[in-house]
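What follows is each chain in one-letter form.
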Amino acid sequence: MNSAGHSEATTPRGLELTPFRGLRYDPDRVGSLAAVTSPPYDVVVRPDGLWHLQSADPYNIVRLILPQATTPSVRNEQAADTLRRWQAEGILTTDPEPGLYVYEQRHDDGMLQRGIIGALRLSDPADGVVLPHEDVMPHVVADRAALMRATSANLEPLLLTYRGDASATAAAEAVERTAEKPPLLSTTTEDGFEHRLWSITDPADLARVQADLARHQALIADGHHRWATYRRLRAEHPSPGPWDHGLVLLVDTARYPLRVRAIHRLLHGLPVSAALAALDGHFRVRRLDGPLATALEALADAACAGNAFLLAGDGAFHLVDRPDPRLLARTVPADRPTAWRTLDATVLHATLLAHVWHVPEDSPAHIAYIHDTAATVEKAERDGGTAVLLHPVREEVVRDLARQGVTMPRKSTSFGPKPASGLVLRALEV
């Protein structure tokens, strides 16, 4: 190999997406494909949603991504045994040839998202190929790593976004052309989304898609903990090898813009009355009577003018806004860009959680992170805790901060729609 070829092979060029032989449910062996799917592991509302999914079908993917047992080691061994048994019984079968998978999600409300699922070569943050925008919690990474070690599989894809060119590109053309063909699978889940999956296996098509993607960098839209897990496991295994890659869904948001929603907080053991009392004049507080939708509209209006939060759990909603600038100056780190310092999530974590309420942000005993707004309120009312509802951040703010190398507070955003777990898995031959 000449020196130029050697340089090209060793210098990070951009996204390197590799075909793989997908591990998929045999539709003839399960009740329905919809019944074996699940939202990503961190979106499942526990325990209610977990029980619902487990009862939906004995082969629901939640038995792999959220195994239930008395200890973590037993849970992971159980997931590994279940995966091996399902493969042996033909519940999960491996596609005959490697490919990249075109994945479509469609909803009656007009949402249409298409992207490409493949095995992405892992890279270091300094390479600037994959941009994280949120911090991670070490105990979650450790938990996901233990599960992946036990199962030797990527059980669900991360959601990454990139910005394609305005004109048609090789990847975009391949996606659109493939979506005109009969799919490998088609199913509609109970949330109203129709899911369809195709494979691209032609070597020439694969080469064109890979060359196109190699010109781009990606933003992690959903899956920071799993990306950190991939990188941890890569460091533990010989290279080159299957652990050099991780399962991802890549979506071109120039063609298919994502929706950005907030991730809410549930504060265990902190009643709303105590949370409000602790504010002690540092924020303006207004009680709102009415339904959740009306309260969220008031939150959106207040968020246009500055930091704003909605507290719930006592049967009412309380709009918290207009923080004391002196309190922010004392509590928010000054060594970050203004865009970061003024984020609602920053003020929530640096000011409210750390200094006002004294809630440790990485302790599951004290705080839960929940995507579903109504479920957060219901759990707070049932458990006697405080729901803290946030207004979503704009995608361009997230991307600009990521390009500056600035990470947002953990669980700051929820991009969607997220890929359903259970449609295609990646087994790691070791």
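Residues numbered from 1 in each chain as written. Predicted model: local features only at pLDDT ≥ 70, side-chain atom pairs only at ≥ 80, totals over all residues. Heavy atoms only, no water.

A word on the overall build of the chain
Next, step 1: Summing up its helical and strand segments, the chain has 16 helices and 21 strands in all.
Next, step 2: Taken over the C-alpha trace, the chain has a radius of gyration of 22 Å; the compact-globule value for 430 residues is 22 Å, and the two agree within 12%.
Next, step 3: Here the C-alpha coordinates of the chain stretch approximately 65 × 50 × 45 Å along the principal axes.
Next, step 4: Sorting the 430 residues of the chain into buried and exposed places 53% on the buried side. (Helix = DSSP H or I, 4+ residues; strand = E, 2+ residues; numbered from the N terminus. Rg over C-alpha atoms; globule rule 2.2 N^0.38 Å. Buried < 20%, exposed > 50% of the residue type's maximum accessible area, 1.4 Å probe, protein only.)

Points about helix 11 (residues 292-303)
Next, step 1: For helix 11, which comprises 12 residues, the first-to-last C-alpha distance of 16 Å matches the rise-based estimate of 16 Å (1.5 Å per residue) to within 8%.
Next, step 2: All of the buried residues in helix 11 are Ala 295, Ala 298, Leu 299, Ala 302 and Ala 303. Each buried residue of helix 11 sits inside an arc of 135° when the element is viewed along its axis, so together they form one side. Turned more than 90 degrees away from the buried face of helix 11, the exposed residues are Glu 297 and Asp 301.
Next, step 3: In this fold, the buried residues of helix 11 make contact with strand 15 (284-288), strand 16 (308-312), strand 17 (317-321), helix 14 (344-356) and strand 19 (386-389). (Expected span 1.5 Å × (residues − 1). Arc of directions from axis to C-beta. Contact = heavy atoms within 4.5 Å.)

Observations regarding the nonpolar core
Next, step 1: In this structure, Leu 15, Tyr 25, Ile 117, Leu 250, Phe 309 and Trp 357 are the most contacted members of the largest nonpolar core, which totals 111 residues.
Next, step 2: Ranked by the residues each element gives to this core, the list is headed by helix 14, at six residues.
Next, step 3: Ile 117 has contacts with Phe 20, Leu 100, Tyr 101, Tyr 103, Leu 197, Leu 247, Val 248, Leu 249 and Val 424, leaving out every residue within four places of it along the chain.
Next, step 4: In terms of nonpolar packing, the next biggest core, distinct from the first, is built from 16 residues, Ala 302, Ala 308, Ala 312 and Leu 319 among them. (Core = buried A, V, L, I, M, F, W, Y, C linked by side-chain atoms within 4.5 Å.)

Some words on the sheet that holds strand 18 (residues 367-370)
Next, step 1: Here six strands make up an open sheet; going across it, the order is 15-17-16-19-14-18 and the pairing antiparallel. In this open sheet, the two edge strands, each paired with only one partner strand, are strand 15 and strand 18. Adjacent strand axes in the sheet meet at a mean angle of 25° when their direction is disregarded. (Pairing = 2+ DSSP bridges. Axes fitted to C-alpha atoms, helices over the stretch in contact; angles between N-to-C directions.)

Digging into the environment of Thr 71
Next, step 1: Mapping Thr 71 onto the fold places it in the loop between helix 4 (62-65) and helix 5 (72-88).
Next, step 2: A sequence separation of 340 residues divides Thr 71 from Lys 411, and the C-alpha atoms of the two residues are 26 Å apart.

A look at the confidence of the model for the chain
Next, step 1: Looking at the chain, pLDDT values average 92 and 96% of them are 70 or higher.
Next, step 2: Within the model, pLDDT remains below 50 along residues 1-12, and this stretch shows four contacts once partners closer than five positions in the same chain are excluded. (pLDDT = per-residue confidence, 0-100.)

A word on the side chain of Asp 324
Next, step 1: With respect to the element layout, Asp 324 can be found in the loop between strand 17 and helix 12 (325-331).
Next, step 2: At a separation of 2.9 Å, a polar atom in the side chain of Asp 324 contacts the main-chain amide nitrogen of Arg 326. (Polar contact = N/O pair within 3.5 Å; in protein donor to acceptor, adjacent residues only side chain to side chain.)

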